[in-house]
Every structure is written in structure tokens, then in C-alpha cells.
Amino acid sequence: QVQPVESGGGLVQAGGSLRLSCVASGRILSINRMGWYRQAPGKQRELVAAFTRGGSTDYTDSVKGRFTISRDNRKNTVYLQMNSLKPEDTAVYYCNAELITASPIATADYWGQGTQVTVSS
């Protein structure tokens, strides 16, 4: 079974840092795109940062200069380094990946279960 699994969330004071990790496991042939979304209470889920199909990175404006997405292709893992965290960054962070899987060969969108990030003021 294919499943992205997040880790690294927690509680941090404003100005602090956290590093999120997401590992996509299963019979994965290729990763088209992979990245992070977040959803705060009462708000819609939004893109935070992601690697696009072309391999470039995309960030939402509010995190530019503070967050950095990186990846380890050999491990099917993507990371999100979050620095200078603000209370408004508080949300559940979800890993999202479009994967090409084997047996049968198929392309599908997968979501992790989410990890809570709470930034106190």
C-alpha cells in the first residue's frame, strides 16, 4: 500500500524552527511531484511548498525566505525546513505526492495523515 507518512511536527515558540519529513513508501516507480500543504482551523487547505513536475520549487508568498523544501530522491523523501516561525504558521501540515506506482502501473494523488505544527507567541 502506498502511503506518504509525515513526521517532525510539534510545538515551538515564535521565531523558532522545525523540520518536517515525508516518506512515500510502497511500490513506487516514480514521483511526479511532491510537497507540503497546510490547513489552519476554519481555513482552506493551501499549498506551502512543493516540487513541481518539472523539478522546480513553488512556495506560497507568506513562507518565502523562511521555509525551504528539499528532497532525497533515493529515499522518496521530501523535507520542509521551517525557520522564523510565526503564530500564523500554526496548522496541520500535509504531505502530498503524485506517484506512479507498480502492479498495476498507475498514476494517482496521495495524501499523508498530517502533522500538527503549533507556534506560540
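Structure: above.
Every value quoted in this text rests on a predicted model; they were computed, and no experiment measured them.

(A) Structural context of the packing of aromatic side chains. Under the criterion given, the structure shown has 2 aromatic pairs. Geometrically, the ring pair formed by Tyr-37 and Trp-111 is edge-to-face, given 5.0 Å between the ring centres and 65° between the ring planes. On the criterion of sequence distance, the pair formed by Tyr-37 in strand β4 (residues 28–39) and Trp-111 in strand β10 (residues 106–111) is long-range, its members being 74 residues apart. Looking at Tyr-37, the relative accessible area reads 23%, which means it is partly exposed. Ring plane angle 80° and centroid distance 6.5 Å describe the contact between Tyr-94 and Trp-111, whose orientation is recorded as edge-to-face. Highlighted residues: Tyr-94 in strand β9 (residues 91–101) and Trp-111 in strand β10, separated in sequence by 17 residues. Assessed through its relative accessible area of 14%, Tyr-94 is described here as buried. Given the relative accessible area of 33%, Trp-111 is considered partly exposed. An aromatic cluster of three or more residues is present, and its members are Tyr-37, Tyr-94 and Trp-111.

What counts as what
- Residues numbered from 1 in each chain as written.
- Predicted model: local features only at pLDDT ≥ 70, side-chain atom pairs only at ≥ 80, totals over all residues.
- Heavy atoms only, no water.
- Phe/Tyr/Trp six-rings, centres within 6.5 Å; stacked < 30°, edge-to-face > 60°.
- Helix = DSSP H or I, 4+ residues; strand = E, 2+ residues; numbered from the N terminus.
- Buried < 20%, exposed > 50% of the residue type's maximum accessible area, 1.4 Å probe, protein only.

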